[in-house]
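Below are the chains, spelled out letter by letter.
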Amino acid sequence: MPKILFDCDTGIDDAMTLLYLASLVRAGEAELVAVGTVHGNIDPRSGALNTLRVLELAGVDGVPVAIGAPRPMAQDVHYALDFHGSDGLGDTGQPAPRGEPTAEAAPAQIVRLAREQPGELTLLATGPLTNLGAALLLDPELPSLLREVVIMGGAFDHPGNITTHAEANIWHDPEAAELVFAADWPVVLVPLDATHPTAVEAPWLDRLAAHDSAPARFASQILEFYIDSYAPILKRRGCVIHDALAAMLIAEPDLGTYVERPVRVELRGELTRGATIWDARTAPARDERRPVKVMVGSDVERFQERLLTSVFAL
């Protein structure tokens, strides 16, 4: 049974991912050990409160939620309010959670839990990688203590979604991302190349809206803002729930197809800062960096059905 430490910036697709994870927890198929939040879609305190809201709605109690880095390592902070709303949940005015975030900082939480449970934790990261980068600086032995790191981020043969070349989670803190990809730990990376083909469309959204449960109503409500944001991109009613695909790989790794390449992050390019770079040539150059397992495709129908039924199961 996977033991998951979730690092996120709880906006709309992170909230959908929390519903999916909650369904695994309630079914006894995974343990959600803790959550840490980071700047990205929203500020980390708001993200922590959103996390608590979603877990409480889903009937999952007792998961500590820690607040993490409020800004990137080497640039100004930027929020994705145009895609997630000023509250991170589509400006839906959700009630305040009953619980409160813990006093421990998210990077310290990562290090402590990895030390307490060596080799057992899968770290799932669906926001900027500042907390992971800080945790690596706090404890250089961290890569030997985690079972696996699964990241939603990057773009290779797909355009960026915040600049022409850069995906948002990497662009929000390129220095932290470069630290993470340079570390000697097993990493699974889920880029836009894999997530965009999984966009849910009107029939899926209609099935969600027709389901009469509090989690389904919440999901349908927050997705409306997201759908409007995606209209100029998809040219149809739909949206891409990026983060849930990364989460699903933990329980169902055979959902995806992969290639393995070392990955670097461009830090200095005037037009390409934050881009993820791999050597895709037939005969790539020799590279001492540990390869990253990059997802390049998935069983789209299976992903969409699993995500929908996980919400219905709550």
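Colleague: Would you take a moment to explain the overall build of the chain for this structure?
Modeller: Counting its secondary structure elements, the chain contains twelve helices and twelve strands. In terms of overall dimensions, the chain has a C-alpha envelope of 55 × 45 × 35 Å along the principal axes. When burial is assessed residue by residue, the chain has 57% of its 314 residues classed as buried. For the chain, the share of sequence-separated contacts (at least 6 apart) that also reach a separation of at least 24 residues comes to 82%. Split by element, the accessible area of the chain, about 12,500 Å² in all, is 52% carbon and sulfur.

Colleague: So what exactly am I meant to see when it comes to the environment of Arg290 here?
Modeller: Inspection of the secondary structure assignment puts Arg290 in the loop between strand 11 (276-277) and strand 12 (292-298). Separated by 103 residues in the primary sequence, Arg290 and Val187 have C-alpha atoms spaced 9.1 Å apart. If sequence neighbours within four positions are ignored, Arg290 has contacts with Asp184, Trp185, Pro186 and Pro262. A distance of 3.2 Å separates a polar atom in the side chain of Arg290 from a polar atom in the side chain of Asp184.

Colleague: Looking at this structure, how should I read the side chain of His242?
Modeller: Inspection of the secondary structure puts His242 in helix 11 (residues 242-251). Here Tyr230 takes part through its side chain, which lies 2.6 Å from a polar atom of the side chain of His242. Each residue touching His242, except ones within four places of it in the same chain, is listed here: Asp13, Met152, Leu192, Thr195, His196, Tyr226 and Tyr230.

Colleague: Just to check I follow, could you spell out the pairing of strand 1 (residues 3-8) for this structure?
Modeller: If a strand is regular, its side chains alternate between the two faces of the sheet. Burial of strand 1 is extensive: six of the six residues sit out of reach of the surface. In strand 1, alternate side chains face the same way, and those of Lys3, Leu5 and Asp7 on one face and Ile4, Phe6 and Cys8 on the other are all buried. Judged from the six bridges that link them, strand 1 and strand 2 (residues 31-37) form a sheet pairing that is parallel. Directly across from Cys8, in strand 2, lies its bridge partner Thr37. Following the chain from strand 1 across helix 1 (residues 12-26) to the adjacent parallel strand 2, one finds a crossover that is right-handed. As paired strands, strand 1 and strand 4 (residues 121-125) are joined by five bridges and run parallel to one another. Bridging from a neighbouring strand, Asp7 pairs with Ala125 of strand 4.

Colleague: Could you clarify how one ought to interpret the pattern of salt bridges in this entry?
Modeller: As a working rule, side chains carrying opposite charge can pair if their charged atoms are close by. Taken as a whole and judged by the stated rule, the model has 21 salt bridges. Across the pair Arg217 and Asp212 runs a salt bridge whose closest N-O atoms are separated by 2.5 Å. Measuring nitrogen to oxygen at the nearest pair gives 2.5 Å for the salt bridge that ties Arg264 to Asp287. You can see Arg264 sitting in strand 10 (residues 264-265) and its partner Asp287 sitting in the loop between strand 11 and strand 12, a full 23 residues away along the chain. Classification of Arg264 as partly exposed rests on a relative accessible area of 36%. Via salt bridges that share partners, Glu252, Asp254, Arg302 and Arg306 belong to a single interconnected network.

Colleague: Can you walk me through the environment of Pro44 in this structure?
Modeller: Within the secondary structure layout, Pro44 lies in helix 2 (residues 44-57). For the pair Pro44 and Glu224, spaced 180 residues apart in the sequence, the C-alpha separation amounts to 23 Å. Look past the residues within four positions of Pro44 in its chain and what remains in contact with it is Thr37, Val38, His39, Ile67, Gly68, Ala69 and Pro70.

Colleague: Sorry, what's going on with the packing of aromatic side chains here?
Modeller: Ring pairs (aromatic) are described by centroid distance and by the angle formed between their planes. With the rule as written, the count across this model stands at three aromatic pairs. Judged by centre distance (5.1 Å) and plane angle (85°), the ring pair of Tyr226 and Tyr230 falls under edge-to-face. In this pair, Tyr226 and Tyr230 are both assigned in helix 10 (residues 214-234), four residues apart and thus about one turn of the helix distant. The two residues Tyr226 and Tyr230 agree in class, both being buried. An aromatic cluster is present here, built from Phe83, Tyr226 and Tyr230 joined pairwise through their rings. The ring of Trp278 has Arg261 sitting right over it, with the charged end atom 6.0 Å from the ring centre. Between Lys293 and the ring centre of Tyr258, over which it is positioned, the NZ or CZ distance is 4.5 Å.

Thresholds applied
Residues numbered from 1 in each chain as written. Predicted model: local features only at pLDDT ≥ 70, side-chain atom pairs only at ≥ 80, totals over all residues. Heavy atoms only, no water. Helix = DSSP H or I, 4+ residues; strand = E, 2+ residues; numbered from the N terminus. Buried < 20%, exposed > 50% of the residue type's maximum accessible area, 1.4 Å probe, protein only. Contact = heavy atoms within 4.5 Å. Areas by Shrake-Rupley, 256 points an atom, 1.4 Å probe, with all protein chains shown as cover. Polar contact = N/O pair within 3.5 Å; in protein donor to acceptor, adjacent residues only side chain to side chain. Pairing = 2+ DSSP bridges. Right-handed = clockwise from strand over helix to strand, strands pointing away. Salt bridge = Lys/Arg side-chain N within 4 Å of Asp/Glu carboxyl O. Phe/Tyr/Trp six-rings, centres within 6.5 Å; stacked < 30°, edge-to-face > 60°. Lys NZ or Arg CZ within 6 Å of the ring centre and 35° of its normal.

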